[in-house]
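# A structural walkthrough
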Amino acid sequence: MITVSMQLLQQIHQSRCFMAKSPAWTRKEGKNPEGGLNAKGRASYNAANPGKPGLKRPQPEGGSRRDSFCARMKGMKKKLTSAKTANDPDSRINKSLRAWNCKEGGAIRGGGCEVRGKTKGRMI
C-alpha cells in the first residue's frame, strides 16, 4: 500500500481551494450595475486579450465612436433579443445604451436626413 505524506495532501487541498477564477469581465465584480464593464472588467479583458486594441470607457458625450456603437447595438437589440428583453429597462443592452446616451440607436436627426457614423449626412 502506498503511503502519502501529510504535506503532499495539504498541497493538493490548497491547489484545489485556490483554483484560478474566471476573468473579472465575465463575473459580476467586473460588470457595471448601470451597464457595460467597470474599470476592473475592462482591465481584465485587456489582460486576457493582449493582441486586441483594448476596451475603452463609454463615450456618452458624442463622436464617431458613440455613433458606431449606438448603430451596432440598435441592430443587436432589434434582431438578437426577445421582446421581453428589449422592453426591460434593466436588461444589459438597455443599460449600455443609456450609458452611451444612445438616442434612436445612434442616428442623429437633423435637416431631414440622418447622420450615421461615417456617412456625414449623405443619404443612404
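Preceding this section is the structure that the text describes.
Now for a description of the structure that goes with this document. Please read all numbers here as calculations on a predicted model, not as lab measurements.

### Some words on helix H5 (residues 92–99)
For an α-helix the count is 3.6 residues per turn, leaving residues at separations of three or four pointing the same way. Buried within H5 are the following residues: Ile 93, Asn 94, Lys 95, Ser 96 and Leu 97. Where H5 is buried, its residues meet helix H3 (64–80) and helix H4 (83–87).

### Some words on the side chain of Ser 44
Within the secondary structure layout, Ser 44 lies in helix H2 (residues 39–48). Of the polar contacts made by the side chain of Ser 44, one reaches the backbone oxygen of Gly 41; its length is 3.0 Å. Discounting chain neighbours no more than four positions away, the residues touching Ser 44 are Pro 23, Ala 24 and Trp 25.

### As for the packing of H3 against H5
One way to put it is that H3 packs onto H5 with a least axis distance of 11 Å and a crossing angle of 160 degrees. By the criterion of interaxial angle, the relationship of H3 to H5 is roughly antiparallel. Seen from above, H3 lies across H5 with left-handed handedness. On H5, the residues touching Phe 69, Met 73, Met 76 and Lys 77 of H3 are Ile 93, Asn 94, Ser 96 and Leu 97. Here the residues of the contact of H3 with H5 sort into five nonpolar, two polar and one charged.

### A closer look at the environment of Gly 62
With respect to the element layout, Gly 62 can be found in the loop between H2 and H3. With relative accessibility at 16%, the residue Gly 62 sits in the buried group. Sequence separation between Gly 62 and Trp 100 is 38 residues; the distance between their C-alpha atoms is 8.4 Å.

### As for the pattern of salt bridges
The tally for this structure, following the rule as stated, stands at two salt bridges. With its nearest N and O atoms 2.5 Å apart, the salt bridge here joins Glu 29 to Arg 27. Taking the relative accessible area as the measure of exposure, Glu 29 reaches 37% and is therefore partly exposed. A salt bridge links Glu 29 to Lys 40; the shortest N-O distance between them is 3.0 Å. Of this pair, Glu 29 sits in the loop between helix H1 (6–17) and H2 while Lys 40 sits in helix H2; the two residues are 11 residues apart in sequence, bridging distant segments of the chain. Residue Lys 40 is classed as partly exposed on the basis of its relative accessible area of 48%. Each of Arg 27, Glu 29 and Lys 40 takes part in salt bridges that share partners, so that together they form one network.

### Here's the deal with the state of the cysteines
Counting across every chain of the model gives one disulfide. Residue Cys 70 pairs covalently with Cys 102 via a disulfide, S to S 1.9 Å. Where Cys 70 bonds to Cys 102 through sulfur, the torsion about that S-S bond is close to -75 degrees, and the disulfide is left-handed. Of the two residues, Cys 70 is situated in helix H3 and Cys 102 in the loop between H5 and strand S1 (108–110); the sequence distance between them amounts to 32 residues. Given the relative accessible area of 0%, Cys 70 is considered buried. Residue class for Cys 102 comes out buried when judged on its relative accessible area of 17%.

Reading the values: rules and limits
- Residues numbered from 1 in each chain as written.
- Predicted model: local features only at pLDDT ≥ 70, side-chain atom pairs only at ≥ 80, totals over all residues.
- Heavy atoms only, no water.
- Buried < 20%, exposed > 50% of the residue type's maximum accessible area, 1.4 Å probe, protein only.
- Helix = DSSP H or I, 4+ residues; strand = E, 2+ residues; numbered from the N terminus.
- Contact = heavy atoms within 4.5 Å.
- Polar contact = N/O pair within 3.5 Å; in protein donor to acceptor, adjacent residues only side chain to side chain.
- Axes fitted to C-alpha atoms, helices over the stretch in contact; angles between N-to-C directions.
- Parallel < 35°, antiparallel > 145°, perpendicular 65-115°, else oblique.
- Left-handed = near helix turned anticlockwise from the far one by under 90°.
- Nonpolar A, V, L, I, M, F, W, Y, C, P; charged D, E, K, R; others polar.
- Salt bridge = Lys/Arg side-chain N within 4 Å of Asp/Glu carboxyl O.
- Disulfide = S-S within 2.5 Å.

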